[in-house]
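Inside the fold
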Amino acid sequence: MEQRAPARTSCRACPGHGHAPGWRGRCTASYCIEARHGLLLHWWAPSSFLTAPTILSSLEAYRALSDGYALPVVIHLQEPRGISPAGRAAMLEATQNSRVALVGNGPVDRVLTAFSEGGLSDTRYFESVVHAELWARGAGVLS
């Protein structure tokens, strides 16, 4: 049975209701990022428009949460409205992650993945959260 990315109706302030005790992460109105057992989990706010400042802010959160390691990241796209040209450039220049698994289920999600695949990190698209996390951790699961 395929599991899809959980629908998030809003991004909560950290540490807000719904986060586990000991939670390590950062949330803004645009995204939530959580560090969990050597993996970064990133949820863009549904229907967001990705700009260079929001992408650069999320990359700074990756650095802050990774303790200096190049951790794999699973990004839940959640059907963004689009991405600015400067946002696309910022996404392509991101190199601090060992693997980037993009989880989505819509045409805009696939277009963003196509942009990302031209970047410097090993990137793949998944509709299954479980497969995305396994692949990001290096288990070799294909989409």
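Described in the following lines is the structure provided in the data block. (Residues numbered from 1 in each chain as written. Predicted model: local features only at pLDDT ≥ 70, side-chain atom pairs only at ≥ 80, totals over all residues. Heavy atoms only, no water.)

1. Side note on the pattern of salt bridges
In this structure the tally under the stated criterion is four salt bridges. For D67, the salt bridge identified is with R24, shortest N-O distance 3.7 Å. Residue D67 is found in the loop between α1 (52-65) and β5 (73-76), and its partner R24 is found in the segment before β1 (25-27); the two are separated by 43 residues along the sequence. Close ionic contact of D122 with R99 constitutes a salt bridge, the shortest N to O distance being 3.6 Å. In this pair, D122 sits in strand β8 (residues 122-126) while R99 sits in strand β7 (residues 99-103), placing the two residues 23 residues apart along the sequence. (Salt bridge = Lys/Arg side-chain N within 4 Å of Asp/Glu carboxyl O. Helix = DSSP H or I, 4+ residues; strand = E, 2+ residues; numbered from the N terminus.)

2. Brief notes about the nonpolar core
Ranked by size, the top nonpolar core spans 21 residues in total, and within it L40, W44, I55, Y62 and I75 carry the most contacts. Mapped by element, the contributors of at least two residues to this core are β2 (31-36), β3 (39-44), α1, β5 and β7. Counting residues per element, this core draws most heavily on α1, which supplies five residues. Membership of the second largest hydrophobic core comes to 14 residues, among which are C32, L39, V129 and A132. (Core = buried A, V, L, I, M, F, W, Y, C linked by side-chain atoms within 4.5 Å. Buried < 20%, exposed > 50% of the residue type's maximum accessible area, 1.4 Å probe, protein only.)

3. Description of the state of the cysteines
One pass over the structure, following the stated rule, counts one disulfide. Disulfide pairing is shown between C27 and C32; the S-S distance is 2.3 Å. What sets the handedness of the C27 and C32 disulfide is the S-S torsion sign, and at about 120° it is right-handed. C32 carries the same exposure label as C27, and that label is buried. (Disulfide = S-S within 2.5 Å.)

4. Observations regarding unusual backbone geometry
Backbone geometry at S47 places phi at a positive 60°, although glycine is not the residue there. Its place among the elements puts S47 in the loop between β3 and β4 (49-50). On the accessibility criterion, S47 (42% relative accessible area) is partly exposed. Of note, the phi angle at Q78 is positive, near 60°, even though the residue is not glycine. Mapped onto the secondary structure, Q78 falls in the loop between β5 and β6 (82-83). With a relative accessible area of 12%, Q78 lands in the buried category.

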